[in-house]
Amino acid sequence: MSSERIPLAPGTRLLHVGPYKTGTTALQGAFHRARTELAAHGVLYAWKGRQAKEPAVAVTGADPPAAPWQALCEEVAGAGGRRVMISSEFFSNADSRAARAVVKGLTGGDVHVVVTLRPLLKILPSHWQQDVKHGRCHSYEDWLAGLLRRSPDEDCPTPEFWHRHRHDVLLERWADAVGRDDLTVVVVDDAEPERLFRTFEGLLDLPEGLLVPEDDGINRSLTLSQAELLLQLNRRLAESPWKTYPRRTMVRQEVVPHMQAYRPLPGEPRITTPAWAEEAAAAVAEEMVARIAKLGLRTIGDLSALTPRPAGTGGPAGTVAPEFIPTAAAVEAVLGGIAAGSAATRSRQARLSSAIEDSSIRKVATKDLLRVVGRRGFRRLRRTFDG
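These remarks concern the structure in this document. Computed from a prediction, not measured in an experiment: that's the story for all the values here. (Residues numbered from 1 in each chain as written. Predicted model: local features only at pLDDT ≥ 70, side-chain atom pairs only at ≥ 80, totals over all residues. Heavy atoms only, no water.)

## A short note on the overall build of the protein chain
Part 1 of the argument: Of the regular secondary structure elements, the protein chain holds 16 helices and 8 strands.
Part 2 of the argument: Residues counted as buried form 52% of the 387 residues belonging to the protein chain.
Part 3 of the argument: Within the protein chain, contacts between residues separated by at least 24 positions form 81% of all contacts whose residues are at least 6 apart in sequence.
Part 4 of the argument: Surface accessibility of the protein chain: about 17,500 Å² in total, with carbon and sulfur atoms responsible for 52%. (Helix = DSSP H or I, 4+ residues; strand = E, 2+ residues; numbered from the N terminus. Buried < 20%, exposed > 50% of the residue type's maximum accessible area, 1.4 Å probe, protein only. Contact = heavy atoms within 4.5 Å. Areas by Shrake-Rupley, 256 points an atom, 1.4 Å probe, with all protein chains shown as cover.)

Listed below in structure tokens is the structure:
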């Protein structure tokens, strides 16, 4: 374990490579909103958006890399002696060649790589629901079986998962590219989420409290009933006559943001990992942590926190899919379906939400909600695309 307030040298290019589901969205949002304050303290948050996704995709997916990567390299080189922060979980997709290209391209100062890690047991349900948000149709049980029970040669619903989340191999890959002395591991503590912000403030010699988390629902986790609704919706959209429509774009850009606007009530069921998968994931995590410890990397946080014992709350097959969804959550899903078909409906969303919230009804059957979405939202969608 290392102190959280040992700043990197001025001029350092601090590259945060994720991986996914390790607090990246919250951290990137805090940096993006604080650009002016960062500049006042001699720190450049590179790229124009919340994260450097486009450059990361360009350098990890093409040889030679596409224009966005070259533009980022020019921006970083132009920072001179200022510290630079670059962040995107898409850098975790890099193979050994791409990792070396990334380090070589960030000129003007020493490159220091930071990898943020969370327990595998917590990443699994988060990653599955992200797949569902992007339109995939595997149940949680089937998705877990593909990751934890099948060999690498067999069909896997998310083939890129272990490239990102075999954390020991990920660290070795980046350590080979940048050198072990220039790589820091940060263990994310879900019990103290703001510690992640304090850690990066320390690395960049920023005042404590400059980075502030946002609370606008972006990337908020779904409840069990919401995830089941979205899964059933994806499956319906994969059938005729809906399979000709852009399912992933429609679901991700319209339905999901509305669903994430819903704030769950205390005690609403969450996605639960089945006991067999908890045990399998715990075994993999223990193996990874043992190998990480042998790498001798600078570590902020406690590596043992990455190997929590299974909670044992999921039962042999996890949580049974719910038959009902709270009305307020159902409203948001319906609004998302309507918005996907016609931008004109957005002006009526607030009135619809208010009217239903005043109703005495508290739950809606999932199958009935899908029927509403199908009849209202996608009827509009058909007119939009066919017209």
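## A closer look at unusual backbone geometry
Part 1 of the argument: That bond from Gly18 to Pro19 is cis: its omega, 10°, falls within 30 degrees of zero.
Part 2 of the argument: With respect to the element layout, Pro19 can be found in the loop between strand 1 (13-16) and helix 1 (24-33).
Part 3 of the argument: At the junction of Ser240 and Pro241, the peptide bond is cis and its omega measures out at 5° in the coordinates.
Part 4 of the argument: The topology assignment puts Pro241 in the loop between helix 11 (224-237) and helix 12 (247-260).
Part 5 of the argument: The residue Trp47 is not glycine, and still its phi comes out positive at about 85°.
Part 6 of the argument: Examined against the element boundaries, Trp47 turns out to sit in the loop between strand 2 (43-45) and helix 3 (53-61).
Part 7 of the argument: What makes Trp47 buried here is its relative accessible area of 10%.

## Quick word on the nonpolar core
General note: in soluble globular proteins, nonpolar side chains tend to be found buried as a group.
Part 1 of the argument: With 44 residues, the main nonpolar core has Ile86, Phe91, Trp174 and Leu183 as its most contacted residues.
Part 2 of the argument: Ranked by residue count, the leading element in this core is helix 9 (residues 167-178), at 6 residues.
Part 3 of the argument: Aside from chain neighbours lying at most four places away, what touches Ile86 is Arg13, Leu14, Leu15, His16, Ala46, Ala52, Leu72, Val76, Phe91 and Leu106.
Part 4 of the argument: Formed by 35 residues, the second largest nonpolar core is a distinct cluster that contains Leu224, Trp242, Ile271 and Trp276. (Core = buried A, V, L, I, M, F, W, Y, C linked by side-chain atoms within 4.5 Å.)

## Here we look at the sheet that holds strand 6 (residues 298-300)
Part 1 of the argument: An order of 2-3-1-4-5-6 is seen for the 6 strands of this open sheet, with the pairing classed as parallel. Looking along the sheet, the strands with just one partner apiece sit at the ends: strand 2 and strand 6. Averaged over neighbouring strand pairs, the angle between their axes works out to 20° when direction is ignored.
Part 2 of the argument: Bridge count for strand 1 against strand 4 (residues 111-117) is 4 bridges, and the pairing is parallel. Paired with Arg13 across the strands is Val111, a residue of strand 4. (Pairing = 2+ DSSP bridges. Axes fitted to C-alpha atoms, helices over the stretch in contact; angles between N-to-C directions.)

## Section: the pairing of strand 5 (residues 183-187)
Part 1 of the argument: Of all 5 residues making up strand 5, 5 are buried, and the element is well covered by its neighbours.
Part 2 of the argument: Because side chains alternate across strand 5, one face comprises the buried residues Leu183, Val185 and Val187, and the other comprises Thr184 and Val186, equally buried.
Part 3 of the argument: As paired strands, strand 4 and strand 5 are joined by 5 bridges and run parallel to one another. Following the sheet pairing, Val113 is matched in strand 5 by Leu183.
Part 4 of the argument: With 3 bridges joining them, strand 5 and strand 6 adopt parallel strand pairing. What sits directly across from Thr184, in strand 6, is Arg298.

## A look at the side chain of Thr184
Part 1 of the argument: Looking at the secondary structure, you find Thr184 in strand 5.
Part 2 of the argument: At a separation of 2.6 Å, a polar atom in the side chain of Thr184 contacts the side chain of His112.
Part 3 of the argument: Once you skip the residues sitting within four places of it in the chain, Thr184 turns out to touch His112, Val113, Val114, Val115, Arg298 and Ile300. (Polar contact = N/O pair within 3.5 Å; in protein donor to acceptor, adjacent residues only side chain to side chain.)

## Examining the packing of helix 5 (residues 96-105) against helix 9
Part 1 of the argument: Their axes nearest at 9 Å, the elements helix 5 and helix 9 cross at an angle of 45°. For the element pair helix 5 / helix 9, the angle class is oblique. For helix 5 against helix 9, the interelement crossing comes out right-handed. Mapping the contact onto sequence places Ser96, Ala99, Arg100, Val102 and Val103 in helix 5 and Arg173, Trp174, Ala177 and Val178 in helix 9.
Part 2 of the argument: Residues belonging to the contact of helix 5 with helix 9 are distributed by class as follows: 6 nonpolar, 1 polar and 2 charged. (Parallel < 35°, antiparallel > 145°, perpendicular 65-115°, else oblique. Left-handed = near helix turned anticlockwise from the far one by under 90°. Nonpolar A, V, L, I, M, F, W, Y, C, P; charged D, E, K, R; others polar.)

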